[in-house]
Amino acid sequence: MADEEEDPTFEEENEEIGGGADGGQGKRKRLFSKELRCMMYGFGDDQNPYTESVDILEDLVIEFITEMTHKAMSIGRQGRVQVEDIVFLIRKDPRKFARVKDLLTMNEELKRARKAFDEANYGS
Amino acid sequence: MLKANTSLSDKHGDTSVSGEMPAVPMVLGANDKDGIPGDQFRELKEASEDEGELRCPDGSDLMAGEREDASLFPPAAKRLKRNTKTEKETKEKVDEEEVQRMKILLSSLSEEQQNRYEMYRRSAFRQETMRSLIQTTAGRSVSQNVVIAMSGMAKVFVGEVVEEALDVCERWGETPPLQPKHLREAVRRLNSKGQIPNVKGKKILFF
């Protein structure tokens, strides 16, 4: 049972670790290596995480992002990725939902604060 | 969302705070911020008022307003204004308490823990890389907010996987640097909980 569930999902990772000549994910440049190392340490891993683990996480993140992008493109306004679609997709997951709402709120506040600051400077 | 609310009120153990609906989502917002130092965030929050709508999803703002004035009968306009004022005061009081508690907690951490906490707050995905990845997938340009939202979600996702993997590691009686087998088992578990998005999944109905 576990094997059946595992194989289709982890085919890509196995091929990549085997150093396969697939030219797909195995050969792609590592996009998030440095950031992921810091993140893993922050979340509880060792100060120097294994490179294979970082690679696996990077593949997971990239897969997550591409999946979410494709889903967002298929709902709401077709062919476009909009924030409302992302928020809709995330509605059932409390952590991600709260986090995204917070980030967007903070961003708005920062923009407003910056704008007010600039206007104050311009006035004087 | 309800789950998140109860866990926070348990953490505070302060019945006066958790009793009020508007206050708890405020705390939720304050707790979950990364990447912006606490003081700066507090100033910003006090500077801009009435941001309540986003912090209280599902329109709980409206519910709180109605519930509070069941006992008073002023006209509608005055009613809303009065509630916003008390809401703001409670908000600020809760913020002050929250900041105090964080300070106490942070000062009692060991150096290694402080390091780790700093890494936790500061680590983030680079926006340019994220933007180019999303745009390549989408085939067209995306707005800044999308990149911000996606980066935040990706970080939470990494957190979920790493935490689950650490749990697996502990259960198997092994020690930290996480190995690929821990991560794979973690993903398998999250998959059955439905946390991993998977459009290509084969849906087998009756097994």
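Just so you know, these numbers come straight off a predicted model, no measurement behind them. (Residues numbered from 1 in each chain as written. Chains lettered and ligands numbered in written order. Predicted model: local features only at pLDDT ≥ 70, side-chain atom pairs only at ≥ 80, totals over all residues. Heavy atoms only, no water.)

1. Re helix α2 (residues 33-43) of chain A
Phase 1 of the analysis: Of the residues making up α2 of chain A, those classed as buried are E35, L36, M39, M40, Y41, G42 and F43 of chain A.
Phase 2 of the analysis: Against α3 (51-74) of chain A together with α8 (111-122) and α10 (144-171) of chain B lie the buried residues of α2 of chain A.
Phase 3 of the analysis: Directly after α2 of chain A, the chain includes G44 of chain A, whose backbone phi takes a positive value near 125 degrees. (Buried < 20%, exposed > 50% of the residue type's maximum accessible area, 1.4 Å probe, protein only. Helix = DSSP H or I, 4+ residues; strand = E, 2+ residues; numbered from the N terminus. Contact = heavy atoms within 4.5 Å.)

2. Some words on the packing of aromatic side chains
Phase 1 of the analysis: By the definition in use, this model includes four aromatic pairs over all chains.
Phase 2 of the analysis: An angle of 65 degrees between the planes, with centres 4.8 Å apart, marks the rings of F32 of chain A and F125 of chain B as edge-to-face. Here F125 of chain B lies in the loop between α8 and α9 (127-138) and F32 of chain A lies in the loop between α1 (2-17) and α2, a pairing that spans two chains.
Phase 3 of the analysis: One aromatic cluster is present, built from ring pairs that chain together F43 of chain A together with Y117 and Y120 of chain B.
Phase 4 of the analysis: One Lys or Arg, R91 of chain A, reaches over the ring of F88 of chain A and ends 4.1 Å from the middle of that ring.
Phase 5 of the analysis: Lying across the ring of Y120 of chain B, K155 of chain B places its NZ or CZ 5.5 Å from the centre. (Phe/Tyr/Trp six-rings, centres within 6.5 Å; stacked < 30°, edge-to-face > 60°. Lys NZ or Arg CZ within 6 Å of the ring centre and 35° of its normal.)

3. Description of the interface of chain B and chain A
Phase 1 of the analysis: The partner chain A presents 66 residues to the 67 residues of chain B that form the contact.
Phase 2 of the analysis: Across the chain B/chain A interface, buried area totals approximately 6700 Å², and carbon plus sulfur atoms make up 71% of it.
Phase 3 of the analysis: The largest share of the area that chain B buries against chain A comes from R116, M153 and R184 of chain B, three residues that together contribute 10% of it.
Phase 4 of the analysis: Taken together, chain B and chain A are joined by three salt bridges.
Phase 5 of the analysis: Of all the secondary structure elements, the ones that give two or more residues to the side of chain B that touches chain A are α3 (23-31), α4 (38-47), α5 (52-55), α8, α9, α10 and α11 (180-193) of chain B.
Phase 6 of the analysis: The element contributing the most residues to the side of chain B that touches chain A is α10 of chain B, with 18 residues.
Phase 7 of the analysis: Looking at the side of chain B that touches chain A, its residues break down into 36 nonpolar, 14 polar and 17 charged. (Buried area = accessible area lost by both parts, 1.4 Å probe. Salt bridge = Lys/Arg side-chain N within 4 Å of Asp/Glu carboxyl O. Nonpolar A, V, L, I, M, F, W, Y, C, P; charged D, E, K, R; others polar.)

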